[in-house]
Amino acid sequence: MNNKTLSQVAVLMATYNGLRWIQEQVDSIIAQKEVNVTLFISDDASNDGTREWLEKRSQETLSIQLLPISNRFGSAGKNFYRLITSVNIKGYDYVAFSDQDDIWETNKLIKHINLSQQHNAEGVSSNVIAFWENGKEKLIVKSNPQKKWDYLFESSGPGCTFLITPWLVYKVREQLVDKDSLAHKVALHDWLTYAVCRAHGRKWVIDFSPSLKYRQHHTNVVGANVGIRAKLARLKKLKQNWYRTEVLKIVQICNSINPEAELAKLVKTLYSNSLLSRLMLLKYIPQARRGFIDRWLLTVSILLGLF
């Protein structure tokens, strides 16, 4: 196939102390079939040799570009916001997000490009196969049918599976132009990206077929929510009001994009934690989360005052 006919994909990778896993991840991206890939990497002041390895690899591989050293970001989300706002994507057909520690299927990008084109979708994500150092693997399903309001309450899946159009990148950038904007305060770049897409009324596809092996270890920012420790960590965040605060940010951003009366009403409801406001939130449950168990847990959290 002539290279000029291949889709040009900019892959944005955020790294921090990932030396143990970075080679497998980079190799799986460079090995993508039927696409031309440029890998843009922003390293967040790693001190384990990650940056030195990347500097050497970028000198050896023309399709890898390491961004200049910047101030410490302190989170994957902020590091991705740097990539989204600073990488020049002119001339690229698609943009993808990548973590530093997964292993992509070799047809990940072309498969998602085909889905984007078939469905006229601005974004594509997928299920993943979580795997652990002891050899355990588990399919993580994110492809339950999308709901009217799911983008206000959850992402479409792990950001490392995302393939998006330049149009959507520019729309997310619009939210991030002001460094003091509410968008910069959203912890998860993937959730923000999905929400911006849906708030604009554009289509997003969640592929049931897993596109990568999703490495699980103690330094995962979010992880696969498998096991007692993961569930306890999420319960702790609920108690600390983290989830409700993030939902409120997302709803406000989406309402600024789409000033719909229902979104404005939800903003007012979320600002109050009265019994009446909690009862009012229950009406959103059927359209709030894609998974039945997630809807049930959200219902319980609201009734118990944890959300």
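First, a word on what this report is: a plain description of the structure on this page. The structure displayed is predicted, hence computed values, not measured ones.

## Brief notes about the side chain of R295
Inference 1: By secondary structure assignment, the location of R295 is in helix α12 (residues 292-303).
Inference 2: E154 is the oppositely charged side chain nearest to the buried, salt-bridge-free R295, at an N-O distance of 7.2 Å.

## Quick notes on the environment of K203
Inference 1: Take K203: it is sitting in the loop between α7 (189-199) and β10 (204-207).
Inference 2: Counting along the chain gives 73 residues from K203 to L276, while the straight-line C-alpha distance between them is 34 Å.
Inference 3: Leave out the neighbours within four places in its chain, and K203 touches H119, N120, A121, E122, G123 and C197.

## Section: the nonpolar core
Inference 1: Grouped together as the largest cluster of nonpolar side chains are 54 residues, with contacts concentrated most on Y151, L152, F153, L192 and F307.
Inference 2: Those residues in contact with L192, other than ones at most four positions away along the chain, are Y81, V172, L176, A183, V186, I250 and I253.
Inference 3: Counting 26 residues, the second largest nonpolar core, distinct from the first, contains M13, L39, I64 and A130.

## Section: the pairing of strand β8 (residues 137-140)
Inference 1: Strand direction decides the pairing type here: strand β7 (residues 128-131) and β8, joined by four bridges, are antiparallel. If you follow A130 over to β8, its bridge partner there is K138.
Inference 2: Counted between consecutive antiparallel strands, the loop separating β7 from β8 contains five residues, among which G135 sits at a positive phi close to 95 degrees.

## What about the packing of aromatic side chains?
Inference 1: Under the definition given, this model contains eight aromatic pairs.
Inference 2: Between Y243 and F307, the aromatic rings sit 5.3 Å apart at their centres with planes inclined by 50 degrees, giving tilted as the arrangement. Taken together, the residues Y243 in helix α9 (residues 242-257) and F307 in the segment after α12 connect sequence positions 64 residues apart. Here the two residues Y243 and F307 agree in accessibility, since each one is buried.
Inference 3: Through successive ring pairs, a cluster of aromatic residues spans F80, F97, F162, Y194 and W204.
Inference 4: The positively charged end of R72 is found above the aromatic ring belonging to Y16, 4.3 Å away from the centroid.
Inference 5: Here the guanidinium or amino end of K136 rests over the ring plane of W132, the centre of that ring lying 4.7 Å away.

## Observations concerning the sheet that holds β7
Inference 1: With respect to topology, four strands assemble into an open sheet ordered β5-β11-β7-β8, the strand pairing being mixed. In this open sheet, the two edge strands, each paired with only one partner strand, are β5 (103-104) and β8.

What counts and how
Residues numbered from 1 in each chain as written. Predicted model: local features only at pLDDT ≥ 70, side-chain atom pairs only at ≥ 80, totals over all residues. Heavy atoms only, no water. Helix = DSSP H or I, 4+ residues; strand = E, 2+ residues; numbered from the N terminus. Buried < 20%, exposed > 50% of the residue type's maximum accessible area, 1.4 Å probe, protein only. Lys, Arg positive; Asp, Glu negative; His and termini not counted. Salt bridge = Lys/Arg side-chain N within 4 Å of Asp/Glu carboxyl O. Contact = heavy atoms within 4.5 Å. Core = buried A, V, L, I, M, F, W, Y, C linked by side-chain atoms within 4.5 Å. Pairing = 2+ DSSP bridges. Phe/Tyr/Trp six-rings, centres within 6.5 Å; stacked < 30°, edge-to-face > 60°. Lys NZ or Arg CZ within 6 Å of the ring centre and 35° of its normal.

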